[in-house]
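An overview of the molecular structure
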Amino acid sequence: MLLHYFGSKEALIAEVMEQVQERLRDSFRELLDEHQTKKSLLPKFWGILSSKKNQPFLRLLFEVQMLALQNPRRYRRYLSRTSKSWQRLIERALPLKR
């Protein structure tokens, strides 16, 4: 039944990981909105990522990322979606060049 809805195991994994990453990106967005200075942003975000409640998600994220990097053709959709969404957030967090 899952294959009917998702088409493949990889598509199912990509969808699950999208939900995990959205949760982590939401935490990052909240920090971005709260902090006037971006200097303390990354250490605070790492604190959130590595917190006890997020450790299972972070481990899963790294495991799937390694799977995707080992087989980029199979996980193309996952890699593309993940890179673009994080790139926008990171660009927003970087100090502006003047």
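In the block above lies the structure referred to throughout.
Scoring rules and cut-offs
Residues numbered from 1 in each chain as written. Predicted model: local features only at pLDDT ≥ 70, side-chain atom pairs only at ≥ 80, totals over all residues. Heavy atoms only, no water. Phe/Tyr/Trp six-rings, centres within 6.5 Å; stacked < 30°, edge-to-face > 60°. Helix = DSSP H or I, 4+ residues; strand = E, 2+ residues; numbered from the N terminus. Buried < 20%, exposed > 50% of the residue type's maximum accessible area, 1.4 Å probe, protein only. Contact = heavy atoms within 4.5 Å. Polar contact = N/O pair within 3.5 Å; in protein donor to acceptor, adjacent residues only side chain to side chain. Salt bridge = Lys/Arg side-chain N within 4 Å of Asp/Glu carboxyl O. Core = buried A, V, L, I, M, F, W, Y, C linked by side-chain atoms within 4.5 Å.

**A few points about the packing of aromatic side chains**
The final tally for this structure, using the stated rule, is 3 aromatic pairs. Linked through ring pairs, Phe 28, Phe 45 and Trp 86 together constitute an aromatic cluster.

**Some thoughts on the environment of Gln 55**
In this fold, Gln 55 is placed in helix H4 (residues 55–70). Note on Gln 55: relative accessible area 34%, which makes it partly exposed. It is 24 Å that separates the C-alpha atoms of Gln 55 and Arg 88, two residues lying 33 residues apart in sequence. Sequence-distant contacts of Gln 55, defined by excluding residues within four places in its chain, comprise Leu 49 and Ser 50.

**Description of the side chain of Gln 21**
Inspection of the secondary structure puts Gln 21 in helix H2 (residues 9–34). Judged by its relative accessible area of 2%, Gln 21 is buried. Only 2.4 Å separates the side chain of Gln 21 from the side chain of Thr 82, close enough to count as a polar contact. Residue contacts for Gln 21: discarding those within four places in its chain leaves Leu 61, Tyr 78, Thr 82 and Trp 86.

**Quick look at the pattern of salt bridges**
When the charged atoms of two side chains with opposite charge come close together, those side chains can pair. As enumerated under the stated definition, the model contains 6 salt bridges in all. Where Arg 81 meets Glu 15, a salt bridge forms, and the shortest distance between an N and an O atom there is 3.9 Å. Pair noted here: Arg 81 is in helix H5 (residues 76–93) and Glu 15 is in helix H2, with a separation of 66 residues, a long-range link. Taking the relative accessible area as the measure of exposure, Glu 15 reaches 24% and is therefore partly exposed. Two residues, Arg 81 and Glu 18, come together in a salt bridge whose shortest N-O distance is 3.7 Å. Separated by 63 residues along the polypeptide, Arg 81 in helix H5 and Glu 18 in helix H2 bring together distant segments of the chain.

**Remarks on the nonpolar core**
Core analysis: the largest hydrophobic core is formed by 20 residues, its most contacted members being Phe 28 and Tyr 78. Secondary-structure elements contributing two or more residues to this core are H2, helix H3 (41–49), H4 and H5. Filtering out sequence-adjacent residues up to four positions away, Phe 28 remains in contact with Leu 41, Leu 42, Phe 45, Trp 86, Leu 89, Ile 90 and Ala 93.

**Description of the side chain of Asn 54**
The topology assignment puts Asn 54 in the loop between H3 and H4. For Asn 54, a relative accessible area of 3% translates into the label buried. If we skip the residues at most four places from it in the chain, Asn 54 touches Arg 23, Leu 24, Ile 48 and Leu 49.

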